Amino acid sequence: MALTNEFLGSSLVERSLFPSSSPSFHHKNGRFLIKPVLVPFGNRRVLKLRKSAKFPVAALSEDLVKNSSSSSLSSSSSSLPSEKPVKFKVRAVVTVRNKIKEDFKETIAKHLDALTDRIGRNVVLELFSTEIDPKTNAPKKTNEAVLKDWAKKTNIKAEKVNYIAEFTVDSNFGEPGAITVINNHQQEFFLENITIEGFATGAVYFPCNSWVQARKDLPGKRIFFSNKPYLPDDTPAGLKVLREKDLKNLRGDGKGARKLSDRIYDYDTYNDLGNPDKGIDLCRPNLGGSEMYPYPRRCRTGREPSDTDISAESRVEKPLPMYVPRDERFEELKKNTFSVKRLKGVLHNLLPGLKSSLSADNQDFNDFSDVDGLYSVGLLIKLGLQDDVLKKFPLPKIVGKIKESTSQGVLKYDIPKIISKDKFAWLRDDEFGRQAIAGVNPVTIEKLEVFPPVSKLDPEIYGPLDSALKEEHILHQLNGMTVQQAIDQNKLFIIDYHDIYLPFLERINALDGRKSYATRTIYYLTPLGTLKPVAIELSLPPSGPNTRSKRVVTPALDATTNWVWMLAKAHVCSNDAGVHQLANHWLRTHACTEPFILSAHRQLSAMHPIFKLLDPHMRYTLEINALARQSLINADGVIESCFTPGRYAMEISSAAYKNFWQFDKDSLPQDLLRRGMAVPDPTKPHGIKLIMNDYPYAEDGLLIWSAIENWVRNYVNYYYPNPSLILNDRELQTWYSEAVNVGHADLKDETWWPELNNSDNLVSVLTILIWNASAQHAALNFGQYPYGGYVPNRPPLMRRLIPEESDPEYGSFLADPQKYFLNALPSLLQATKYMAVVDTLSTHSTDEEYIGERQHPSTWSGDPEIVEKFFEFSAEIGRIEKVIESRNCDKTLRNRCGAGVLPYELLAPSSEPGVTCRGVPNSVST
């Protein structure tokens, strides 16, 4: 608490400085609120903070002091009757963030704004009190004030510029609660914050972090509230109308196409993934709003329907931007990071046109040296096409950047971490098993409950579903145990992709250059605590009553079975890559989060404490999801081009949403219990006990989960000391109800949705949302290039099945198994396109905000107790990082420490910029 008071100022100390100015106190919901009074600057002493503040504090101007302490005012202030208000001047310090780089058009507009600012077309502010004026029955407010010196400061090159505006207020004005801003300039500007100085209770902070549009683009006044949180029923009378007006502006009316300058949040289905106007091959089903293809809702853009299918929204293709509300778009540093990484992706748009230049031999990997060459000489030099590409490239400036980026060749890739310490680690079975619990997709492994495993699909539709796995396949690998003994002693585990893939296999395998199985992999937990794969079942849809549709592959006994085993593991990894991307990464952390973000902006005021809690965990998510619809999950996008399911990828994602996703099971402890990876244990800090001692994702994840949960519980208990406050909070209830009933309308009737009727359920819902946006997404995202950047380790698609002895291909397999294996992987162009994308997605930008961090950490909330609790949460995150570091040095934990073994750092909270395979950002931003 002492630390907070040093940052925010102690109201007790301040009150003692002004004994003649008796502020009135009233008690509400367990908190004392102070009615501020104004004191002439001439009568004040200056209280200096002992520690430097982390927020910007501007010095008071001499003119302001002189004006506010004029002789007539100072001589009469002590003798004025108490009922007669005294006028004083206070000032606003307005912090505007400059753009790092401006184009020519923006520079011209900036100078034009400087000229017109001199003649009255300027930025205008009004300050609103929390109180109602009894004479007008409207909120008390000041006269309009303009920002000074805008024209003089136009050429300042600093990142941030402070401007001043002065208000004249009465001594009975009350506490400032809101500011409105009108931008009469030609172009928008980024308003970071406003600080009001001159009140007896100290500075009042208004966190803004918003683009203020020109009035010509967005008529009306922008409303910003102080950092003081209020539940709806506690909203001061002077702010009630503004609170509702601001939310109404954000909701819009659900009509018309959105402009890029709009700030409107609304819902729509995924009806823009296909492009029927370009041909039937690019038609895709609309996801969401139907029983066949249920899906979460996304942000509405309101674009016109396509010409050939009225139910499909027309497309916006790169480089044109997809609409998201203006404040959701990437800020400049983030945008620059994406732009640099996308240079490789832009080049890939040219490569298909050069395919005629490629011989049949260099379209595939024919030798492992071909793969290695991507990291040593680059793709285009390897193909001899560098000059051809650069000649065809239309932007010489960008070509220059590309040439500068590598001295050896364009599209030269960084060495992925998986081969940085041990080039051959990926070949080992123990590494294959380790990645199931410490790789990029450690959330699908389950305890084996029944052997052989059982399918839940309908045999009437999919034919006989009995597993081909037999005890004799694995018995000799269980250290003398029977299968049942191994199950009872928690020694057998499974990754089962049978039911999610089998319904789609017939269509997938009919695609050109795609071949897949529905896989099941059985793992044995060794006495050393490592996982050993002991059998892989490969299933195909039965093509006839007597055809073999299943086969079991076990670890190698000779040279031939070694290559068969390698191919089987590659097919498992291909299955895993699809489920990871379509069900776990994209669906769970991106798509299922978006409705809660849309509803938060529509139904929770910026001054609502729950909005303030969630705010850092919503940053950039709508933008990255829009970019995904534009170029990743769309028809013929990266996912369809580079992953086995091809055009059926998003149908698989929809099926996963329908059959496997449950919001309540996104709680880490509940997910571990559901998968049998933990058992209930009330004596443990998390209420569960892991059945595997060295499960890096779960062990580190539980530390972060508990830290988030404790922080959220402290926060919730502060604002909701009893359940009735939760039930009666109309904004909170509407937020959750709309997120479920509109944002997840296709699953709204499921019984597993928690009810928002007590603090435990509210804590659970909020913890799940923050966990998914931060740690869960980090665990699933930032290892994509470190593990998948070496395609043989984790191929996103397969192009060949494993040949049987009776197959015509079996001879070529025996003759050159290495070539057969590499030709079964993605082609050279497919692989490099995939590598360029996961390289981008795995990159931290320089403006990343990590868990335990906030913009303006001392002033984001006006409640000192909450700020203090946040600092405690931040300190706990720091302690967790040290625990993770120590675990990664523990030689007994062989899944994270050993010769050539990658440490598990995907849940280590902090990171440097770039591809680091660590770091937990606050939000889903890549």
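All values derive from a computational prediction rather than experimental measurement.

### Let's talk about the overall build of the protein chain
Right, on to step 1. On a plain count of helices and strands, the protein chain comes out with 32 helices and 22 strands.
Right, on to step 2. Counting the 926 residues in the protein chain, one finds 59% classified as buried.
Right, on to step 3. Partitioning the contacts of the protein chain with sequence separation of at least 6, the portion at a separation of at least 24 is 75%.
Right, on to step 4. Split by element, the accessible area of the protein chain, about 38300 Å² in all, is 52% carbon and sulfur.

### Topic: the sheet that holds strand S14 (residues 446-447)
Right, on to step 1. The sheet built from 5 strands is open, its strands ordered S14-S15-S16-S17-S18 with antiparallel pairing. One side of each edge strand has no neighbouring strand; the edge strands of this open sheet are S14 and strand S18 (550-553).
Right, on to step 2. Pairing analysis gives 8 bridges linking strand S16 (residues 518-525) to strand S17 (residues 531-539), with the strands arranged antiparallel. Paired with Leu525 across the strands is Leu531, a residue of S17.
Right, on to step 3. Helix-sheet contacts for helix H16 (residues 498-509) involve strand S15 (492-496), S16, S17 and S18, and the interaxial angle to S16 is about 160 degrees.
Right, on to step 4. In the packing of helix H17 (residues 559-591) onto the sheet, the strands contacted are S16, S17 and S18, and the crossing angle to S17 comes to about 80 degrees.

### Brief notes about the packing of aromatic side chains
Right, on to step 1. Applying the stated criterion across every chain, the model contains 39 aromatic pairs.
Right, on to step 2. Measuring from ring centre to ring centre gives 5.9 Å for Tyr295 and Tyr657, while their planes differ by 65 degrees; the resulting arrangement is edge-to-face. Taken together, the positions of Tyr295 in the loop between strand S12 (267-268) and strand S13 (298-299) and Tyr657 in helix H22 (residues 649-659) put the pair 362 residues apart, joining distant regions of the chain. Neither residue differs from the other here; Tyr295 and Tyr657 are each classed as buried.
Right, on to step 3. Over the face of the ring belonging to Trp860 we find Arg854, whose NZ or CZ atom lies 3.8 Å from the ring centre.

### Here we look at the side chain of Glu594
Right, on to step 1. Its location among the elements puts Glu594 in helix H18 (residues 594-603).
Right, on to step 2. At 4.7 Å, Arg629 is the nearest oppositely charged side chain to Glu594, a buried residue that forms no salt bridge.
Right, on to step 3. Not counting chain neighbours up to four residues away, the residues in contact with Glu594 comprise Tyr270, Arg297, Arg298, Cys299, Leu622 and Asn625.

### Section: helix H26 (residues 730-743)
Note on helix geometry: an α-helix contains 3.6 residues per turn, so any two residues three or four positions apart are oriented the same way.
Right, on to step 1. The end-to-end C-alpha separation of H26 is 18 Å, in line with the 20 Å expected for 14 residues at 1.5 Å each.
Right, on to step 2. Of all the positions in H26, only Glu731, Leu732, Trp735, Tyr736, Glu738, Ala739, Val740 and Gly743 are classed as buried.
Right, on to step 3. Tucked into the core, H26 has its buried residues touching helix H6 (240-251), S12, H18, helix H19 (609-614), helix H25 (723-727) and helix H27 (759-781).
Right, on to step 4. Regarding H26, its N-cap is Asp729, as a side-chain oxygen of that residue lies 3.2 Å from the backbone nitrogen of Glu731 further along.

The rules we used
- Residues numbered from 1 in each chain as written.
- Predicted model: local features only at pLDDT ≥ 70, side-chain atom pairs only at ≥ 80, totals over all residues.
- Heavy atoms only, no water.
- Helix = DSSP H or I, 4+ residues; strand = E, 2+ residues; numbered from the N terminus.
- Buried < 20%, exposed > 50% of the residue type's maximum accessible area, 1.4 Å probe, protein only.
- Contact = heavy atoms within 4.5 Å.
- Areas by Shrake-Rupley, 256 points an atom, 1.4 Å probe, with all protein chains shown as cover.
- Pairing = 2+ DSSP bridges.
- Axes fitted to C-alpha atoms, helices over the stretch in contact; angles between N-to-C directions.
- Phe/Tyr/Trp six-rings, centres within 6.5 Å; stacked < 30°, edge-to-face > 60°.
- Lys NZ or Arg CZ within 6 Å of the ring centre and 35° of its normal.
- Lys, Arg positive; Asp, Glu negative; His and termini not counted.
- Salt bridge = Lys/Arg side-chain N within 4 Å of Asp/Glu carboxyl O.
- Expected span 1.5 Å × (residues − 1).
- Polar contact = N/O pair within 3.5 Å; in protein donor to acceptor, adjacent residues only side chain to side chain.

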